[in-house]
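Coordinate inspection notes
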Amino acid sequence: MPYTLPELPYAYNALEPHYDEQTVRLHHDMHHKAYVDGLNNAETKLAEAREKGDYALIKHWEREYAFHGAGHILHTMFWQNMKQGGGGEAAGQIADQINKDFGSYDAFKKQFSAAAVAVEGSGWTVLCWNKMFQKLVILQVEKHQNLTQWEVCPLLIVDVWEHAYYLKYQNKRAAFVDAWWNLINWDDVNNRLAASMK
C-alpha cells in the first residue's frame, strides 16, 4: 500500500498570523509530498532488489528510504503538533514532566528555542521521551536520516529547514521559532507522552 500525504488537521490559513498560509501550503503540498513520493519510490526499489536478488544499490536505496521516511514522519508530527489557538504554557502530564526534567517550563522553553535556533544548516529540534532514561530530552536533528537516539519517542517537533519559514521570516529563524510557540498543540503532545510511557 503506497504512502499518502496526510491532509492538514486544519485549514491552510488557520495558523495565521504566526504561520502564513502561503508557506503552509507550499510546505505541506510540495515539500512534505516530496518526502512521501520519495518514500514510495525507495520502498519500490527495495522490493525490486529483493525480487531480483540484486543488492548492488542497497546502500543508496536504504539511505533514500531512511531520508524520505524520516522526513514524512517528522512532517506529519510537525503539523499535528500545531493548532489554531494553540500555544501557552504546557499543561497536564507534559507540564509535570517538563518541570521534573528541566526545572521549569521557562528553562525548558529557553533550552528548546536555543537548540532550534542553533541547528546547523537545515534540520529540526525535537522534544522526546527517552524510555531507557525515563526522562524528557531535547535533541537537535541536522540530518534526519541518521542523527537519532534509540529508545526515544518524538513528542514535539519544530521544523527549522529554511523552507519552513523563509517566505515570511526570511533568514530570521529565531523570529519563526518565537512565533511557533503560539501554535503548540499541547493536547497532542500529552497524548504522545502518555502513549510513549506505556
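See the structure shown above.
Residues numbered from 1 in each chain as written. Predicted model: local features only at pLDDT ≥ 70, side-chain atom pairs only at ≥ 80, totals over all residues. Heavy atoms only, no water.

Turning to the sheet that holds strand β2 (residues 135-141), a few remarks are in order. Read from one edge of the open sheet, three strands run β2-β1-β3, paired in antiparallel fashion. Two strands lie at the open edges of the sheet, namely β2 and β3 (152-159), each paired on one side alone. Sheet twist, expressed as the mean angle between neighbouring strand axes with direction ignored, is 25°. Here seven bridges tie strand β1 (residues 124-130) to β3, and the two strands are oriented antiparallel to one another. Residue N130 lies in a different strand from β3, and its bridge partner there is V152. Helix α3 (residues 93-102) rests against β1, β2 and β3 of the sheet, and its axis sits at about 80° to β2. Running over the sheet, helix α7 (residues 186-196) touches β1, β2 and β3 and is turned about 160° from β3. (Pairing = 2+ DSSP bridges. Helix = DSSP H or I, 4+ residues; strand = E, 2+ residues; numbered from the N terminus. Axes fitted to C-alpha atoms, helices over the stretch in contact; angles between N-to-C directions. Contact = heavy atoms within 4.5 Å.)

Among the residues of helix α6 (residues 173-180), those classed as buried are R173, F176, V177, A179 and W180. With its buried residues spanning 165° around the axis, α6 presents them on a single face. Against the buried residues of α6 lie α2 (58-80), α4 (105-117), β3 and α5 (166-169). (Buried < 20%, exposed > 50% of the residue type's maximum accessible area, 1.4 Å probe, protein only. Arc of directions from axis to C-beta.)

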